[in-house]
Amino acid sequence: MTHERFTTDVMSDTESSSEPMIFPSQDWFSEYGDRVDADEEYAEVSEGWGVDFNGDFIFEMTEMPVDELDHDAMPEFLVDDLDTYVTEESGKGYTGQAYMALENGGCPECHLIDPDEEPDVGFYLRADYDTWKELMRAELGVIDGLMGGKFDLDGDMQKVLQYSDAAVQLTDLASSIDAGFADEEY
């Protein structure tokens with residue numbers, strides 16, 4: 001199944017292919033969206049997702065350890081991403097959000113979003129940064145995380161459970177990206 005991929009200039013001009021891929025960054029989310037969109041297994045198990053309902057997601061990462069990072073050691077693109085897309089929120093600490101469009105086996109769009117941006121989505125998945133890291137390392141599955149209360153979901157849980165194989169494949173694709181974590185690298 002082939003999908004037309006939405007492209008936008010979401011990566012910094014200073015980013016280069018010699019820089020390591022770091023989570024969370026525009027580069028990481030762009031790579032994730034590309035992998036999801038190209039994955040035949042995901043296309044098969046998510047057929048029908050987002051058809052006749054809004055299947056788009058916001059992923060919210062709270063309690064990001066931004067104050068603990070060595071900003072001088074970070075690549076400029078990562079500093080720019082953190083400055084642009086992460087804000088400090090009362091009760092949530094430093095928080096960033098990513099938007100992921102998902103429809104009928106494809107992912108036409110995936111990127112960090114500005115704090116004031118409010119795209120129309122059907123699902124909102126929240127967790128602290130450490131929980132997201134567990135997911136990226138395949139130490140935690142998204143369904144187990146939802147059932148165990150590590151993730152908070154706004155949206156139709158029945159739909160997510162109906163497409164649990166698609167959710168597992170999304171997790172597998174995320175953990176397959178060879179990337180470091182900002183708090184461990186800097």
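Data block above holds the structure.
Residues numbered from 1 in each chain as written. Predicted model: local features only at pLDDT ≥ 70, side-chain atom pairs only at ≥ 80, totals over all residues. Heavy atoms only, no water.

## Some points on the pairing of strand 5 (residues 106-113)
Counted residue by residue, strand 5 has seven buried out of eight residues, so it is predominantly covered. Bridging between strand 4 (residues 93-103) and strand 5 involves six bridges; their strand directions are antiparallel. Looking at strand 5, one finds that A98 is bridged to L112. What sits between the antiparallel neighbours strand 4 and strand 5 is a turn of two residues, in which N104 has the positive phi angle 50°. (Buried < 20%, exposed > 50% of the residue type's maximum accessible area, 1.4 Å probe, protein only. Helix = DSSP H or I, 4+ residues; strand = E, 2+ residues; numbered from the N terminus. Pairing = 2+ DSSP bridges.)

## Concerning the nonpolar core
Core analysis: the biggest nonpolar cluster contains 53 residues, and Y32, M100 and W132 have the highest contact counts within it. Here W132 is in contact with F23, F59, E60, M61, L125, R126, A127 and F151, once residues within four sequence places are set aside. Counting residues in hydrophobic clusters, the runner-up holds five residues, among them I58, A101, I113 and Y124. (Core = buried A, V, L, I, M, F, W, Y, C linked by side-chain atoms within 4.5 Å. Contact = heavy atoms within 4.5 Å.)

## As for empty space enclosed by the protein
Counted according to the given criterion, the structure contains three cavities of 30 Å³ or more. One number sums up the size of the largest cavity: a volume of about 310 Å³. Counting only elements with at least two residues in the lining of the largest cavity, the list comes to helix 1 (26-38), strand 2 (57-64), helix 4 (129-136), helix 5 (142-147) and helix 7 (164-175). With five residues, helix 7 is the single largest residue contributor to the lining of the largest cavity. When grouped by side-chain class, the residues that make up the lining of the largest cavity number 23 nonpolar, two polar and no charged. Roughly 50 Å³ of volume is contained in the second largest cavity. Lining the second largest cavity are P24, M64, P65, V66, L69, L82, Y129, A182 and D183. Across the lining of the second largest cavity, the residue classes break down as eight nonpolar, no polar and one charged. (1 Å grid on protein atoms, 1.4 Å probe; cavity = no way out; pocket = protein on both sides within 12 Å on 5 of 7 lines; lining within 4 Å. Points joined across faces, edges and corners; volume = space filled by probe spheres on them. Nonpolar A, V, L, I, M, F, W, Y, C, P; charged D, E, K, R; others polar.)

## Topic: a negative patch on the surface
Taken together, E41, E44, E47, D165 and D172 make up a surface patch of like negative charges. By secondary structure assignment, the location of E41 is in helix 2 (residues 40-45). Judged by relative accessible area, which is 47%, E41 ranks as partly exposed. (Patch = residues over 30% accessible without salt bridge, like charges linked within 9 Å, V, L, I, M, F, W, Y side chains within 5 Å. Areas by Shrake-Rupley, 256 points an atom, 1.4 Å probe, with all protein chains shown as cover. Salt bridge = Lys/Arg side-chain N within 4 Å of Asp/Glu carboxyl O. Lys, Arg positive; Asp, Glu negative; His and termini not counted. Charge placed at Lys NZ, Arg CZ, Asp CG, Glu CD.)

## Observations regarding the environment of S175
Tracing the chain through its elements places S175 in helix 7. Taking the C-alpha atoms as reference, S175 lies 9.3 Å from E134; in sequence the two are 41 residues apart. When near neighbours in sequence (up to four residues on either side) are disregarded, S175 contacts L135, M136, R137 and A138. At 3.1 Å, the side chain of S175 and the backbone oxygen of D172 are in polar contact. (Polar contact = N/O pair within 3.5 Å; in protein donor to acceptor, adjacent residues only side chain to side chain.)

## Some words on the packing of helix 1 against helix 7
Interaxial distance between helix 1 and helix 7 falls to 10 Å at its minimum, and their mutual angle equals 130°. The orientation of helix 1 relative to helix 7 falls into the category oblique. Like other packed secondary-structure pairs, helix 1 and helix 7 cross with a definite hand, here right-handed. Across from W28, Y32, R35 and V36 in helix 1, the residues of helix 7 making contact are L170, L173 and A174. Of the residues in the contact of helix 1 with helix 7, the class split is six nonpolar, no polar and one charged. (Axes fitted to C-alpha atoms, helices over the stretch in contact; angles between N-to-C directions. Parallel < 35°, antiparallel > 145°, perpendicular 65-115°, else oblique. Left-handed = near helix turned anticlockwise from the far one by under 90°.)

## Notes on the environment of Y32
On the secondary structure map, Y32 appears in helix 1. It is 7.2 Å that separates the C-alpha atoms of Y32 and L173, two residues lying 141 residues apart in sequence. If sequence neighbours within four positions are ignored, Y32 has contacts with M100, C110, L170, L173, A174 and I177.

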